[in-house]
Amino acid sequence: MENIKLIATTNMGLEAVTKRELQDLGYKDLEVSDGKIKISCQLKDIAILNLRLRTAERVLLLIDSFRAETFEELFDKVFEIRWWDYIAEEDQFIIQGRSRKSKLFSISDCQRITEKAIIEKLKMKYKVSWFEKSGPRVKIEVSLLNDIAEITMDTSGDGLHKRGYREVNYKAPLSETIAASLVKLTFWNKDRILADPFCGSGTVPIEAAMIEKNIAPGLMRDFDFVNFKFFDEEIFKEEKKKCYSEIKYDEKLEILASDISHKAIQIARSNAEILGLDEDISFFQKDIRDLDLPDDYGIIITNPPYGERIGKEDVDELNKELGELARSLKTWSYYIITANENFEKNFGKKSDRNRKLYNGRLKTYYYQYYGPKPRR
């Protein structure tokens, strides 16, 4: 199983961001479609991608792909797979499913047929009639689109947004993968100030600091693939060691994270301390109306409160205050993610670019305002 195909899944609208991230990691043979990118690679890349990808949601191992318009076809094709290469006798294998635009539209039936085929195949190898499923977790997915079934293994386990540093959340936080994507969609670098005046749990400032200090996002968490029967745990340990060796501990950053809530600042600072980033990010309690920033080509990336978090009038007022701040800091650039479709009206200016993103199931807009380039 040297040459394999992996699938990096993404939030809708962020495929290009994850593609660039993969290219920066040296991957070239990429197939991009809605919400996923297929990568031709080797077994060790399971560890590399899970440890290093910041903007992807999961890394799946593609086991097989075939046309299935009947349950008989689905059963037969799944049964043909050498499942003992992937699943140990004691593994806790779980079958998940999805179906779109396919004749086999019943997800529960697709899951049931797939599991039956896997069990019947494994019985041939392990010579047992019952599988206790008491061992490590193995998540298998049968996914149908336009009558083409893809059979995959989830190598990540928990979603890649679960970095391990956010022990406590504040209100409705951005996911870590979305926050990293927002940073990567800006022109920010270590030579410019970064500010988040609605920092909440601190996710945007923390992800920005991790990017610039080259801290791999998967260093503090576990992955399902480590326990797979076909994966050598020593590969994972070696790749993890490489990630640690590449951290830029001495990189100096100027990141400002503020919020009107004292509780939010406490949580954000605590989250940063887990990663040792509390000296790279200045956390402080402050109303946006009182924010004092130098007009020095800085960048604001923020997620102001919206929707059910506060009332509509308060949302409009906060966005007006953000617009006032922008007019007072003429050299800054502004990147604001919000579900509020009236944002530009209240901010007082049409954005240079507006990208539609999904934060979970919530449709949001990423309004981008480009300031002047810094003088050399």
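As a reminder, the structure under discussion sits directly above these lines.
Counting restarts for each chain: residues are numbered from 1 in the order of the written sequence. With pLDDT at 70 or above as the cut-off, local features in this predicted model cover only qualifying residues; side-chain atom pairs require 80 or more to be listed or tallied, and sums for whole chains, interfaces and linings still use all residues. Water and hydrogen atoms were dropped before computing side-chain values, which therefore reflect all heavy atoms in the structure.

Novice: If you had to explain the packing of helix H5 (residues 176–184) against helix H6 (residues 203–212) to someone new, which residues and values would you point to?
Specialist: Each axis is a line fitted through C-alpha atoms, taken for helices only over the stretch in contact, and angles between the N-to-C directions span 0 to 180 degrees. Numbering of helices and strands starts at the N terminus; helices are DSSP runs of H or I of at least 4 residues and strands are runs of E of at least 2. Direction vectors running N to C along H5 and H6 enclose 65°, while the axes themselves pass 9 Å from each other. In this structure, H5 meets H6 at a crossing whose hand is right-handed. Of the residues in H6, those in contact with Glu 176, Ala 179, Ala 180, Val 183 and Lys 184 of H5 are Thr 203, Val 204, Glu 207, Ala 208 and Ile 211. Per-class residue counts for the contact of H5 with H6 are six nonpolar, one polar and three charged. Put simply, a crossing is left-handed when the front helix is turned counterclockwise from the back one by less than a right angle, and right-handed when it is turned clockwise. Pairs of residues are marked as contacts when any of their non-hydrogen atoms sit within 4.5 Å. Lys, Arg, Asp and Glu make up the charged group, whereas Ala, Val, Leu, Ile, Met, Phe, Trp, Tyr, Cys and Pro make up the nonpolar group; the residues left over, Gly among them, are polar.

Novice: Before we move on, can you summarise the sheet that holds strand S1 (residues 3–9) with the specific residues and values?
Specialist: Where strands meet in a sheet, backbone hydrogen bonds hold them as pairs that are either parallel or antiparallel. Taken together, seven strands build an open sheet; the order of strands is S2-S3-S1-S4-S7-S6-S5 and the sheet is mixed. Each of the sheet's edge strands pairs with one partner strand only, and the pair in question is strand S2 (30–33) and strand S5 (92–100). The mean inter-strand angle of the sheet, taken between neighbouring strand axes irrespective of direction, is 30°. Strand direction decides the pairing type here: S2 and strand S3 (residues 36–42), joined by four bridges, are antiparallel. Bridge pairing in S3 links Leu 30 to Ile 39. Against the sheet, helix H3 (residues 71–80) contacts strand S4 (58–67), strand S6 (137–145) and strand S7 (148–154), and its axis sits at roughly 120° relative to S4. Between any two strands, pairing holds if DSSP finds at least two bridges.

Novice: Requested: an account of the nonpolar core, with residues and values cited.
Specialist: In terms of nonpolar packing, the biggest core is built from 93 residues, with Ile 39, Leu 74, Trp 83 and Ile 140 touching the most fellow members. Other than its neighbours up to four places away in sequence, Trp 83 contacts Ile 63, Val 78, Ile 118, Lys 121, Leu 122, Ile 140 and Ile 151. Core analysis: the next-biggest nonpolar cluster, separate from the first, contains 21 residues, Ala 195, Ile 288, Trp 332 and Phe 343 among them. Residue types Ala, Val, Leu, Ile, Met, Phe, Trp, Tyr and Cys, when buried and joined through side-chain atoms within 4.5 Å, form a set referred to as a nonpolar core. Working definition: with a 1.4 Å probe on protein chains only, accessible area under 20% of the residue-type maximum means buried, over 50% means exposed, and in between means partly exposed.

Novice: I'd like to hear about the pairing of strand S11 (residues 299–302), residue by residue, with values.
Specialist: Every second residue of S11 is oriented toward a common face, with Ile 299 and Ile 301 on one face and Ile 300 and Thr 302 on the other, all of them buried. Where strand S8 (residues 194–196) meets S11, two bridges bridge the pair, whose relative direction is parallel. Bridge pairing links Leu 194 to Ile 299 in S11. Where S11 and strand S12 (residues 333–338) come together, four bridges link them in parallel fashion. Residue pairing in the sheet places Ile 301 in a bridge with Tyr 335 of S12.

Novice: Could you give an account of the pattern of salt bridges, with specific residues and numbers?
Specialist: For this document, the term salt bridge refers to a Lys or Arg side-chain nitrogen within 4 Å of an Asp or Glu carboxyl oxygen. Under the definition given, this model contains 25 salt bridges. Taking the shortest distance from any N to any O, the salt bridge between Glu 31 and Lys 5 comes out at 2.8 Å. With Glu 31 in strand S2 and Lys 5 in strand S1, this pair connects stretches of sequence that are 26 residues apart. Glu 31 sits in the partly exposed class, given a relative accessible area of 36%. Exposure remark for Lys 5: the relative accessible area of 25% places this residue in the partly exposed category. Here Glu 69 ties to Arg 67 by a salt bridge, and the two come within 3.1 Å at their closest N and O atoms. Each of Arg 67, Glu 69, Lys 103 and Asp 147 takes part in salt bridges that share partners, so that together they form one network.

Novice: Mind laying out the layout of surface pockets, listing which residues take part and the relevant values?
Specialist: Residues are called lining when one of their atoms sits within 4 Å of a cavity or pocket point, these points coming from a 1 Å grid over the protein atoms alone, where a cavity is a set in which a 1.4 Å probe fits but cannot get out and a pocket is an open set with protein on both sides within 12 Å along at least five of seven lines. Grid points are joined across faces, edges and corners, and a volume is the space filled by probe spheres set on the points. Computed from the structure, the largest pocket encloses a volume of approximately 1,100 Å³. Together, 35 residues line the largest pocket, and Thr 9, Thr 10, Asp 34, Gly 35 and Arg 98 are the ones closest to its centre. Those elements that place two or more of their residues in the lining of the largest pocket are S1, S4, S5, S6, S7, H5 and strand S13 (353–359). By residue number, the principal contributor to the lining of the largest pocket is S6, which donates six residues. When the residues that make up the lining of the largest pocket are grouped by side-chain class, the tally is nine nonpolar, 15 polar and 11 charged.

Novice: Account for the sheet that holds S11, with residues named and values stated.
Specialist: A sheet is described by the order of its strands in space; here seven strands give the open sequence S10-S9-S8-S11-S12-S14-S13, paired in mixed fashion. Strand pairing shows two members of the sheet lacking a second neighbour, strand S10 (281–285) and S13, which therefore form its edges. Going from strand to strand, the sheet's axes swing by 20° on average, the running direction of each strand aside. Here seven bridges tie S13 to strand S14 (residues 362–369), and the two strands are oriented antiparallel to one another. Of the residues in S14, the one forming a bridge with Arg 355 is Tyr 366. Those strands touched by H6 are S8, strand S9 (255–259), S10 and S11, and its axis lies near 170° from that of S9.

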